[in-house]
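Spelled out from the first residue to the last, the chains are:
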Amino acid sequence: MIELKNLSVTLGAAAAVRDASLSIQAGDRLGVVGESGCGKSMLALSMMGMVPDALAVSGQITLNGTAMPPRDETAWRPHRARSMAMIFQEPMAALNPLRRIGDTVMEPMRVHLGLSREDAIKRTLDLFAETGIRDPELRLRQYPHQLSGGQRQRVLIALALACDPALLIADEPTTALDANVSLRITDLLVRLSRQRNMALVLISHDLGAVARATKDILVMYGGDIVERGPTAAVLAHPAHPYTKGLLGARPRIEQAAGKRRHLPTIPGSVPGLFDLPKGCRFSGRCSVEMPHCARSKPENVNTEQGQAACHQLKEGHNGG
Amino acid sequence: MRRENLPQMHGAVRMGYFIFRRLVGFVLTLLAVSVVVFLAMNVLPGDPALNILGIESSEDARAALREQLGLDEPAVFRYFQWIFNAVQGDFGVSYSYGVPVSELIVERIPMTLSLAFSGMVLTTVVALVMGITAASHHKKTGDWVVMLLSQLGVAIPAFWLSMLLVLLFAVKLRWLPPGGFAGWDDPLAAMRSLVLPTVSLALVQSAVLARVTRSSALEVIRHDFVRTARASGFSRQRVLWRHVLPNALIPIVTIVGLQFAALVSGTIVIENVFYLPGLGRLIFQSISNRDLFTVQALVMMFAVIVVSANFLVDIAYVLIDPRLKARTE
């Protein structure tokens with residue numbers, strides 16, 4: 001359905017996304033994980049043709065078999081809301097504060113599908129029911145500031161579904177919500193994806209949510225896709241040192257119940273876009289780093305679970 | 001259905017209370033203005049009778065005029081008498097025209113109000129188109145062109161611009177009358193004589209408003225909901241006019257309120273340049289004629305127009321932004 005080939009998003013010499021390739025088919029549920037600033041959102045925006053003007057995009061984007069110029073608004077516009085839709089992190093900020101919820105959700109149906117007001121209201125109420133919005137009749141007339149965070153995110157999901165897209169990209173949809181609500185929103189996204197055979201890209205730094213919701217996973221670090229494969233297998237047996245570190249840094253119930261100890265962390269922090277090492281982006285923070293890691297970019301290596309880009313795996317593979 | 005009526009009624013009650021409070025403020029402001037106007041005209045040093053009749057006049061003649069004008073009464077008494085009569089629409093008799101001041105105002109106010117309103121409409125339309133265009137072409141050619149034009153507009157005085165417009169469109173091209181007013185009986189002729197004055201009034205104001213629109217729109221364009229609108233596949237124009245503009249309106253409406261005051265006082269100059277029979281020309285003549293009651297009433301009229309405009313702006317805020325309505329308590 002949508003395919004990215006060697007996609008790079010760059011700002012001068014710095015790459016927010018480097019050589020990313022992926023392909024999404026109907027019904028796929030793909031999780032994209034990684035720390036803040038690792039290029040997850042840029043990857044998502046490039047799938048909407050919405051990379052900010054300041055950044056350069058190279059590589060190929062193919063949508064339903066058609067090559068898409070990354071920056072041509074007129075080429076992308078007819079596909080937005082209809083082929084793919086996106087929901088964003090801050091549900092409050094993402095809704096026009098001066099519009100009634102009903103008018104916001106109805107707008108794409110009326111503009112793109114040419115529905116009459118009555119039909120649009122009917123369809124909106126159906127969507128509200130489908131996305132679990134309480135008091136749908138009342139919501140139609142309310143403004144975003146009158147809703148709770150969870151309800152707002154459901155409204156954004158309803159808005160994204162307005163024109164029945166084949167792909168839904170959710171960029172950190174639950175980060176601004178509390179844990180309980182967050183869980184329910186994640187489950188809602190999975191249910192919608194299943195019922196509508198709609199592909200879902202879930203971008204999150206919440207490994208739990210991604211494990212719960214997705215079939216496949218991409219692990220990103222510093223603009224590179226460092227590991228990919230089926231979600232359960234990759235999380236059970238991570239191959240890349242970064243994925244291992246990320247998994248190790250999760251709080252666990254058994255740890256909390258047992259003796260107190262510090263949560264393991266990955267030493268250091270993600271370098272700025274301009275300070276990333278040229279070779280493996282993870283060099284400098286990696287526990288199994290080799291001298292040439294910082295200089296040469298690791299290739300993808302097939303692992304038991306999928307693929308990972310790490311010199312260690314390559315060496316190990318050759319040696320074994 | 002029953003459930004949703006409840007919060008709405010509360011909203012209506014709150015809104016009514018809000019408007020009521022604004023109305024009280026409106027009346028208090030006008031009272032304060034009336035005190036200032038009265039003090040300026042009556043209590044400050046200088047004998048109105050002497051001003052009217054000149055220093056050659058006899059003391060007897062001046063005393064007779066003072067009595068005729070009621071100036072021999074105490075100031076406080078005269079103030080309350082003035083207010084009491086004014087509320088009933090009686091502003092006294094014009095000394096120079098010999099007719100009730102209220103008649104003069106009723107006769108001339110349509111001219112000034114139509115000038116001010118058409119000027120405001122033209123200002124707003126031109127400014128919004130220019131400002132939104134500039135914001136959507138931020139740091140590109142369209143932006144520079146609009147900003148250059150508005151810089152020019154800000155720098156040009158309205159009376160000079162009006163003379164240039166007369167030279168071009170009335171004297172050289174002969175498309176429009178150079179001045180004067182044919183009366184309202186022929187609407188087309190009336191509108192034709194209002195075109196140049198309106199344009200002269202509006203161009204300078206729209207240059208200012210275009211800048212406000214641009215910067216307010218630029219601030220709004222950064223918000224996430226604009227990205228949501230783009231992600232919904234809406235055209236650039238729809239995103240700009242339906243999503244960005246409404247959110248940029250609060251500062252724009254504030255400036256429009258202030259500009260309306262500037263436009264109303266601008267009519268004094270423009271009506272004189274174009275020989276239009278409005279309040280502006282009347283106040284100018286009344287000051288020359290030392291027509292005390294007329295000037296007093298006209299200054300008050302201008303104050304009423306300006307304060308009303310500000311009152312409407314306050315109401316507009318709440319109509320624009322539902323979040324402010326929640327805060328009107």
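Summarised in this report is the structure supplied together with it. (Residues numbered from 1 in each chain as written. Chains lettered and ligands numbered in written order. Predicted model: local features only at pLDDT ≥ 70, side-chain atom pairs only at ≥ 80, totals over all residues. Heavy atoms only, no water.)

## Here's the deal with the overall build of chain B
No. 1: Across its full length, chain B carries 13 helices and zero strands.
No. 2: Out of the 329 residues in chain B, the part that is buried amounts to 43%.
No. 3: Total accessible area computed for chain B in this model is approximately 17,300 Å², and 68% of it derives from carbon and sulfur atoms.
No. 4: Charged side chains in chain B number 27 positive and 21 negative. The centres of these two groups are separated by 21 Å. (Helix = DSSP H or I, 4+ residues; strand = E, 2+ residues; numbered from the N terminus. Buried < 20%, exposed > 50% of the residue type's maximum accessible area, 1.4 Å probe, protein only. Areas by Shrake-Rupley, 256 points an atom, 1.4 Å probe, with all protein chains shown as cover. Lys, Arg positive; Asp, Glu negative; His and termini not counted. Charge placed at Lys NZ, Arg CZ, Asp CG, Glu CD.)

## Comments concerning the sheet that holds strand E12 (residues 307-309) of chain A
Strand pairs in the sheet, formed through backbone hydrogen bonds, run parallel or antiparallel to each other.
Residue and element names in this part refer to chain A.
No. 1: The strand order E6-E7-E8-E3-E9-E10-E12-E11 describes an open sheet built from eight strands, whose pairing is mixed. The outermost strands of the open sheet, each flanked by one partner alone, are strand E6 (84-87) and strand E11 (300-302). If you compare each strand with its neighbour and ignore which way they point, the axes differ by 20° on average.
No. 2: Sheet strands in contact with helix H7 (residues 179-196) are strand E3 (29-33), E6, strand E7 (167-171) and strand E8 (199-204), and its direction is about 160° off that of E8. (Pairing = 2+ DSSP bridges. Axes fitted to C-alpha atoms, helices over the stretch in contact; angles between N-to-C directions. Contact = heavy atoms within 4.5 Å.)

## Focus: helix H7 (residues 158-172) of chain B
All names here are of chain B.
No. 1: In this model, H7 (15 residues) spans 20 Å end to end at C-alpha, consistent with the 21 Å of a helix rising 1.5 Å per residue.
No. 2: A bend of about 30° at Val-166 is the largest found in H7.
No. 3: A positive backbone phi angle near 55° is found at Arg-174, which sits one or two residues after H7. (Expected span 1.5 Å × (residues − 1). Bend = angle between axes of the 7 residues up to and from the residue.)

## Notes on unusual backbone geometry
No. 1: Positive phi, close to 50°, is recorded for Asn-64 of chain A, a residue that is not glycine.
No. 2: The backbone of Lys-139 of chain B shows a phi angle near 65°, a positive value even though the residue is not glycine.
No. 3: Considering the arrangement of structural elements, one finds Lys-139 of chain B in the loop between helix H5 (101-136) and helix H6 (141-155).

## Describing the interface of chain A and chain B
No. 1: In this assembly, 29 residues from chain A lie in contact with 24 residues from chain B.
No. 2: A buried area of about 2,400 Å², summed over both sides, lies between chain A and chain B, and 56% of it is on carbon and sulfur atoms.
No. 3: Along the contact surface separating chain A from chain B lie two salt bridges.
No. 4: Our count for the contact surface shared by chain A and chain B stands at eight residue pairs in polar contact (both at pLDDT 80 or more).
No. 5: Listed by contribution, the elements that provide at least two residues to the side of chain A that touches chain B are helix H3 (101-113), helix H5 (136-141) and helix H6 (149-161) of chain A.
No. 6: No other element matches H3 of chain A, which puts four residues into the side of chain A that touches chain B.
No. 7: Counted by class, the side of chain A that touches chain B contains 15 nonpolar, four polar and 10 charged residues. (Buried area = accessible area lost by both parts, 1.4 Å probe. Salt bridge = Lys/Arg side-chain N within 4 Å of Asp/Glu carboxyl O. Polar contact = N/O pair within 3.5 Å; in protein donor to acceptor, adjacent residues only side chain to side chain. Nonpolar A, V, L, I, M, F, W, Y, C, P; charged D, E, K, R; others polar.)

## Here we look at a nonpolar patch on the surface
Residues and elements named next belong to chain B.
No. 1: Side chains of Phe-159, Trp-160, Met-163, Leu-164, Leu-167, Val-171 and Val-269 sit close together on the surface and give an oily, nonpolar patch of about 650 Å² of accessible area.
No. 2: The element best represented in the nonpolar patch is H7, accounting for six residues.
No. 3: Mapping Val-269 onto the fold places it in helix H10 (residues 236-273). (Patch = residues over 30% accessible without salt bridge, like charges linked within 9 Å, V, L, I, M, F, W, Y side chains within 5 Å.)

## Concerning the pattern of salt bridges
No. 1: Evaluated as defined, the whole model comprises 19 salt bridges over all chains.
No. 2: Of the charged contacts, one joins Glu-107 of chain A and Arg-238 of chain B as a salt bridge, the two residues approaching to 2.6 Å between their closest N and O atoms. With Glu-107 of chain A in helix H3 and Arg-238 of chain B in helix H10, the pair connects residues from two separate chains. The same class applies to Glu-107 of chain A as to Arg-238 of chain B, namely buried.
No. 3: In this structure, Arg-62 of chain B engages Glu-59 of chain B in a salt bridge whose closest nitrogen and oxygen atoms are separated by 3.0 Å. Taken together, the positions of Arg-62 of chain B and Glu-59 of chain B, both in helix H3 (residues 59-69) and three residues apart, correspond to about one turn of that helix.

## A look at the packing of aromatic side chains
Residues and elements named next belong to chain B.
No. 1: Across all of its chains, the model carries 11 aromatic pairs over all chains by this definition.
No. 2: Aromatic rings pair up to connect Phe-38, Tyr-79, Phe-80 and Trp-82 into one cluster.
No. 3: Sitting over the face of the ring of Phe-234, Arg-238 holds its NZ or CZ atom 5.8 Å from the ring centroid. (Phe/Tyr/Trp six-rings, centres within 6.5 Å; stacked < 30°, edge-to-face > 60°. Lys NZ or Arg CZ within 6 Å of the ring centre and 35° of its normal.)

## A short note on the state of the cysteines
All names here are of chain A.
No. 1: Enumeration according to the criterion identifies zero disulfides over all chains in this entry.
No. 2: Just so you know, Cys-280 is unpaired, no disulfide at all, and the nearest cysteine sulfur is the one on Cys-293, 5.8 Å from it.
No. 3: Using a relative accessible area of 10% as the deciding quantity, one classes Cys-280 as buried.
No. 4: Just so you know, Cys-310 is unpaired, no disulfide at all, and the nearest cysteine sulfur is the one on Cys-286, 6.0 Å from it. (Disulfide = S-S within 2.5 Å.)

## Some points on the packing of H5 of chain B against H10 of chain B
No. 1: The interhelical angle for the contact between H5 of chain B and H10 of chain B, taken along N-to-C directions, is 145°, at an axis separation of 7 Å. Read as a crossing pair, H5 of chain B and H10 of chain B show a hand that is right-handed. (Left-handed = near helix turned anticlockwise from the far one by under 90°.)

## Observations concerning the pairing of strand E4 (residues 56-63) of chain A
Residue and element names in this part refer to chain A.
No. 1: Here strand E1 (residues 2-11) runs beside E4; their pairing, made up of seven bridges, is antiparallel. Pairing of Ile-2 across the sheet is with Leu-63, part of E4.
No. 2: Direction of pairing for E4 relative to strand E5 (residues 66-67): antiparallel, over a ladder of two bridges. If you follow Leu-63 over to E5, its bridge partner there is Thr-66.
No. 3: The turn joining E4 and E5, which pair antiparallel and follow one another in sequence, is formed by two residues; a positive phi near 50° is taken by Asn-64.

## Details of the nonpolar core
No. 1: Grouped together as the largest cluster of nonpolar side chains are 91 residues, with contacts concentrated most on Ile-24, Leu-43 and Ile-169 of chain A.
No. 2: Among the elements that make up this core, the one with the highest residue count is H6 of chain A (seven residues).
No. 3: Ignoring sequence-local partners within four residues, the contact set of Ile-24 of chain A consists of Met-1, Ile-2, Leu-30, Met-47, Leu-167, Ala-199 and Val-201 of chain A.
No. 4: If you look at the next biggest cluster of nonpolar residues, it comprises 57 residues, including Leu-104, Ile-105, Leu-165 and Val-239 of chain B. (Core = buried A, V, L, I, M, F, W, Y, C linked by side-chain atoms within 4.5 Å.)

## Here we look at the side chain of Glu-172 of chain A
Residue and element names in this part refer to chain A.
No. 1: With respect to the secondary-structure elements, Glu-172 resides in the loop between E7 and H7.
No. 2: Within polar-contact distance, the side chain of Glu-172 engages the side chain of Lys-40 at 3.2 Å.
No. 3: Side-chain polar atoms of Glu-172 contact the side chain of His-205, separated by 3.4 Å.
No. 4: Setting aside residues up to four positions removed in sequence, Glu-172 forms contacts with Lys-40, Gln-89, Ile-203, Ser-204 and His-205.

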